[in-house]
Amino acid sequence: MDLYVGDIITMKKKHPCGSQEWEILRTGADFKLKCCGCGHLIMVPRKLVEKSIREIRRA
Ligand SMILES: [Zn+2]
């Protein structure tokens, strides 16, 4: 799966703030994601990101 910094991904699970969209800030073994709803930052293993992606939007 090709994922790049700046991509907006839609996850299957909703963040508590109600948003399902995350912006990729860093790729690698662990991804750094920013919630598009509240700006919350998380680190997620790549495997988990790939498993829970529903849609990718690229600018
Ligand atoms: Zn959020």
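Please refer to the structure higher up on the page.
On a predicted model such as this, the values are computed, not experimentally measured, just so you know.

A. Quick peek at the sheet that holds strand S2 (residues 21-26). The strand order across the open sheet formed by five strands is S4-S3-S2-S1-S5, and the pairing between neighbours is antiparallel. Strands at the two margins of the open sheet, each flanked by one partner only, are strand S4 (41-45) and strand S5 (53-57). In this sheet, neighbouring strand axes are inclined to one another by 35° on average, regardless of whether the strands run parallel or antiparallel. In terms of strand pairing, strand S1 (residues 8-11) meets S5 through four bridges, oriented antiparallel. If you follow Ile8 over to S5, its bridge partner there is Arg57.

B. Main features of the pattern of salt bridges. In the structure shown here, the tally under the stated rule is three salt bridges. The partner of Arg58 in a salt bridge is Asp7, and the shortest N-O contact between them spans 2.7 Å. Here the residue Arg58 occupies a position in the segment after S5, and Asp7 occupies one in the segment before S1, the gap between them amounting to 51 residues. Classification of Asp7 as buried rests on a relative accessible area of 2%.

C. Region of the structure containing the side chain of His15. Looking at the secondary structure, you find His15 in the loop between S1 and S2. For His15, a relative accessible area of 16% puts it in the buried group. Leave out the neighbours within four places in its chain, and His15 touches Trp22, Cys35, Cys38 and His40.

D. Looking closely at the environment of Glu23. Along the polypeptide, Glu23 turns up in strand S2. Note: C-alpha distance between Glu23 and Cys35 (twelve residues apart in sequence) is 6.5 Å. With residues up to four places along the chain from it excluded, the contact list for Glu23 reads Gly6, Asp7, Ile8, Lys32, Leu33, Lys34 and Cys36.

The rules behind these values
Residues numbered from 1 in each chain as written. Predicted model: local features only at pLDDT ≥ 70, side-chain atom pairs only at ≥ 80, totals over all residues. Heavy atoms only, no water. Pairing = 2+ DSSP bridges. Helix = DSSP H or I, 4+ residues; strand = E, 2+ residues; numbered from the N terminus. Axes fitted to C-alpha atoms, helices over the stretch in contact; angles between N-to-C directions. Salt bridge = Lys/Arg side-chain N within 4 Å of Asp/Glu carboxyl O. Buried < 20%, exposed > 50% of the residue type's maximum accessible area, 1.4 Å probe, protein only. Contact = heavy atoms within 4.5 Å.

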